[in-house]
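Structural overview
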Amino acid sequence: MRYISTRGAAPALGFEDVLLTGLARDGGLYVPETWPQFTADDIRALRGLPYSEVAVRVMLPFLGGAISESDFRALVRDAYATFDHDAVTPLVQLDQRTWVLELFHGPTLAFKDVALQLLGRLFDHVLERRGERVTIVGATSGDTGSAAIEACRDRHNVDIFILHPKGRTSEVQRRQMTSVLSSNVHNIALEGSFDDCQDLVKAMFNDTAFRDKLNLSAVNSINWARIMAQIVYYFASAAALGAPDREIDFVVPTGNFGNVYAAYGARAMGLPTAKLIVGSNTNDILARFFASGTMAAQGVTPTLSPSMDIQISSNFERLLFDLLGRDGAAVEACMRTFRAEGRFAVTDAQLAQALAIFAGHRVDEDATMATITDTWRRHGGYTVDPHTAVGVASAAAAGTAPGRPVVVLATAHPAKFPDAVEKATGRRPALPPRLGDLYEREERLSVLPNDLAQVQGFVTQRARAAQGVA
Ligand SMILES: *Cc1c(COP(=O)(O)O)cnc(C)c1O
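Summarised in this report is the structure supplied together with it. Remember, predicted model here, so these are calculated numbers, not experimental data. (Residues numbered from 1 in each chain as written. Predicted model: local features only at pLDDT ≥ 70, side-chain atom pairs only at ≥ 80, totals over all residues. Heavy atoms only, no water.)

It is worth spelling out the overall build of the protein chain at this point. Within the protein chain, the regular secondary structure consists of 19 helices and 15 strands. The buried share among the 470 residues of the protein chain stands at 59%. Sequence-distant contacts, at least 24 apart, represent 76% of the contacts inside the protein chain between residues at least 6 apart. Working note: accessible area of the protein chain is about 18000 Å², and carbon and sulfur atoms make up 48% of it. The protein chain carries 46 positive and 52 negative side-chain charges, and their two centres are separated by 1 Å. (Helix = DSSP H or I, 4+ residues; strand = E, 2+ residues; numbered from the N terminus. Buried < 20%, exposed > 50% of the residue type's maximum accessible area, 1.4 Å probe, protein only. Contact = heavy atoms within 4.5 Å. Areas by Shrake-Rupley, 256 points an atom, 1.4 Å probe, with all protein chains shown as cover. Lys, Arg positive; Asp, Glu negative; His and termini not counted. Charge placed at Lys NZ, Arg CZ, Asp CG, Glu CD.)

Right, here's the structure in full:
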């Protein structure tokens, strides 16, 4: 199994290198050269299997032999043992034809755990074999840092440094990060804004000597292995609902297009999906693209669903690659236009090709709140978070075929967004037992000034990669 860059000018790589590299050297994203194929019988055989076994079967072809099946099975089992539910990603039925796929039973209560719990273990396994260590640095506004920290905690060959803007995250968000006391986890509360945090991280990556010395790496949403891990739950849920003998609609609340691109991957592997419905909040660059064929950036507006507050959807480039006939030079030209002018357009034929698979919907703030209330009233007190509500509202707006199952992806636990949920339902959702004592836990963090040299000094002192290879 080889992976090629969407911009056509970086070398093709095997799984291990794609895992550790993230972004391709030509600025593109890696995709499989060809998609592994699952026959109808292969899909039927997934019914009733434990999640981890579905995961092994779906992902093994992507490894191309880089990791043995038994090693991989052990990693997968270990990753999903951190989930609070035996089914890992359980389906909850809302009405005759609508199911919610709960992806939030991992350590940080959001769907990113599904991919990141495995990613951290894959990194460690591959690094161990190579006798290498990496230093992960990242910035967070509060929302996604904890998933990266939980993924890397206690990993032997990984040190992680996460910068958050001091005093500007919610208390739950801060505590989810700072109460991880593992010696390889370093929380930096920066005296500055989220933009300052991001600028410092960028500057560290741009400092070649520093980057090489520390073997800097990232676990961001363009990493191929994250997409791979997300393909699994489309197969698992569809098989449980009767695939391949029934087509399924999936509704995905989306920001960076990573999650819904994984659905596209499942479809390319032979899973019979009907429509892939993309739900956006008021930051609706994707909904506007599907309506017009033009991708046009606008400013970002803060919403109730902050993990979808994006200006551009970086993973869309993977779909664009296919829409442009897998012509890397054409993708490069599109992205150049996008950088220069803030927009690019596809042809009517290319848009039609996308609309044969996807539909886009925009859900505004009022509709998001109304959907939380309405879901709670009509479905026996079932509570959805604001991201999931965008999905539920998009499912209703999409008007899918009668009798066909619709699966809405629930990307965050309602207790992660208690204020919005309380306002909509009159009840404050409780944290699940695993986080019940969050407010009593000890915290560890370092406050640093907004100064590149000081932050780099801090990282260099603590990162084991800087102290020579183990
Ligand atoms: C990251 C995230 C999303 C968006 O996922 P993409 O892969 O970027 O589309 C949606 N909901 C929640 C809760 C998230 O954390």
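After that view of the structure, there is still more to cover.
As a structural note, the neighbourhood of the ligand is formed by 14 residues, with K112, G255, N256, N259 and T411 the closest of them. G255 places a polar main-chain atom, nitrogen or oxygen, 2.9 Å from an oxygen atom of the ligand. N259 is positioned such that a nitrogen or oxygen atom in its backbone is 3.0 Å from an oxygen atom of the ligand. In isolation the ligand exposes 390 Å². Once the protein is present, 95% of that is buried. Split into classes, the residues belonging to the shell around the ligand amount to 5 nonpolar, 8 polar and 1 charged. (Near = heavy atom within 4 Å. Polar contact = N/O pair within 3.5 Å; in protein donor to acceptor, adjacent residues only side chain to side chain. Nonpolar A, V, L, I, M, F, W, Y, C, P; charged D, E, K, R; others polar.)

Turning to the side chain of N315, a few remarks are in order. Counting through the fold element by element, N315 comes out in the loop between β11 (294-296) and α13 (316-323). On the accessibility criterion, N315 (0% relative accessible area) is buried. Polar side-chain contacts of N315 include one of 3.0 Å to the backbone oxygen of S221. In this structure, N315 is in contact with L29, S221, I222, I227, N256, F257 and G258, ignoring residues within four places of it in sequence.

Further remarks concern the packing of aromatic side chains. Considering all chains together, one arrives at 19 aromatic pairs under this definition. Ring geometry for F338 versus F344: centroids 5.5 Å apart, planes at 80°, classification edge-to-face. An identical accessibility class is assigned to F338 and F344; each is buried. A cation sits over an aromatic face here: R462 above F458, 3.8 Å from the ring centre. (Phe/Tyr/Trp six-rings, centres within 6.5 Å; stacked < 30°, edge-to-face > 60°. Lys NZ or Arg CZ within 6 Å of the ring centre and 35° of its normal.)

In this section: the layout of surface pockets. Of the volumes computed, that of the second largest pocket is approximately 300 Å³. Surrounding the second largest pocket, 16 residues form its lining, D95, T98, V392, A395 and A396 being those nearest its centre. Listed by contribution, the elements that provide at least two residues to the lining of the second largest pocket are β3 (91-95), α16 (365-378) and α17 (386-398). Within the lining of the second largest pocket, the residues separate by chemical class into 6 nonpolar, 6 polar and 4 charged. (1 Å grid on protein atoms, 1.4 Å probe; cavity = no way out; pocket = protein on both sides within 12 Å on 5 of 7 lines; lining within 4 Å. Points joined across faces, edges and corners; volume = space filled by probe spheres on them.)

Spatially, 5 strands are ordered β8-β5-β6-β7-β15 in an open sheet, and the strand pairing comes out parallel. Since the sheet does not close on itself, it has two edges, and those belong to β8 (216-217) and β15 (446-449), each with one partner. Direction of pairing for strand β7 (residues 185-191) relative to β15: parallel, over a ladder of 4 bridges. When the sheet's bridge partners are listed, L190 is paired in β15 with L448. Sheet strands touched by helix α19 (residues 452-462): β5 (134-139), β6 (158-165), β7 and β15. Its angle to β15, the strand with the most contacts, is close to 140°. (Pairing = 2+ DSSP bridges. Axes fitted to C-alpha atoms, helices over the stretch in contact; angles between N-to-C directions.)

Now for unusual backbone geometry. Going from A243 to P244, the amide bond is cis rather than trans, its omega being 5°. On the secondary structure map, P244 appears in the loop between α10 (224-240) and β9 (248-253). At N215, a residue that is not glycine, the phi angle is positive and equals roughly 50°. Take N215: its relative accessible area is 29%, and that puts it in the partly exposed class. One non-glycine residue, F257, adopts positive backbone phi at about 70°.

With that settled, the discussion passes to the sheet that holds β9. Backbone-to-backbone hydrogen bonds join strands into a sheet, with any given pair of strands oriented parallel or antiparallel. Strand order across the open sheet formed by 6 strands is β3-β4-β14-β9-β10-β13, with mixed pairing between neighbours. Sheet topology places β3 and β13 (358-362) at the edges, where each strand pairs with a single neighbour. Ignoring strand direction, the axes of neighbouring strands in this sheet form an average angle of 25°. Sitting on the sheet, α10 is in contact with β3, β4 (98-102), β9 and β14 (406-410), with an inclination near 140° to β9. Here helix α11 (residues 258-268) sits on the sheet in contact with β9, β10 (273-280), β13 and β14, set at roughly 170° to β10.

The next point concerns helix α3 (residues 51-63). Helix length check: α3 (13 residues) gives 18 Å between terminal C-alpha atoms against 18 Å at 1.5 Å per residue, within 8%. Its maximal kink placed at R57, α3 deviates by approximately 30°, while the proline P61 follows within four residues. Taken across its 13 residues, α3 has 10 buried, putting it largely inside the fold. Burial in α3 covers these residues: Y51, S52, E53, V54, A55, V56, V58, M59, F62 and L63. On its buried face, α3 is in contact with β1 (3-5), α1 (15-21), β2 (30-32), α4 (69-80), α5 (112-130) and α10. G64 occupies a position one or two residues after α3 and carries a positive phi of about 55°. (Expected span 1.5 Å × (residues − 1). Bend = angle between axes of the 7 residues up to and from the residue.)

Let us look at the packing of α16 against α17. Packing of α16 against α17 brings their axes to within 8 Å, and their N-to-C directions diverge by 85°. By the criterion of interaxial angle, the relationship of α16 to α17 is roughly perpendicular. When α16 is examined against α17, the residues T368, T371, I372 and T375 are found in contact with a partner set consisting of P386, A389, V390, V392 and A393. Here the contact of α16 with α17 is built from residues that sort into 6 nonpolar, 3 polar and no charged. (Parallel < 35°, antiparallel > 145°, perpendicular 65-115°, else oblique.)

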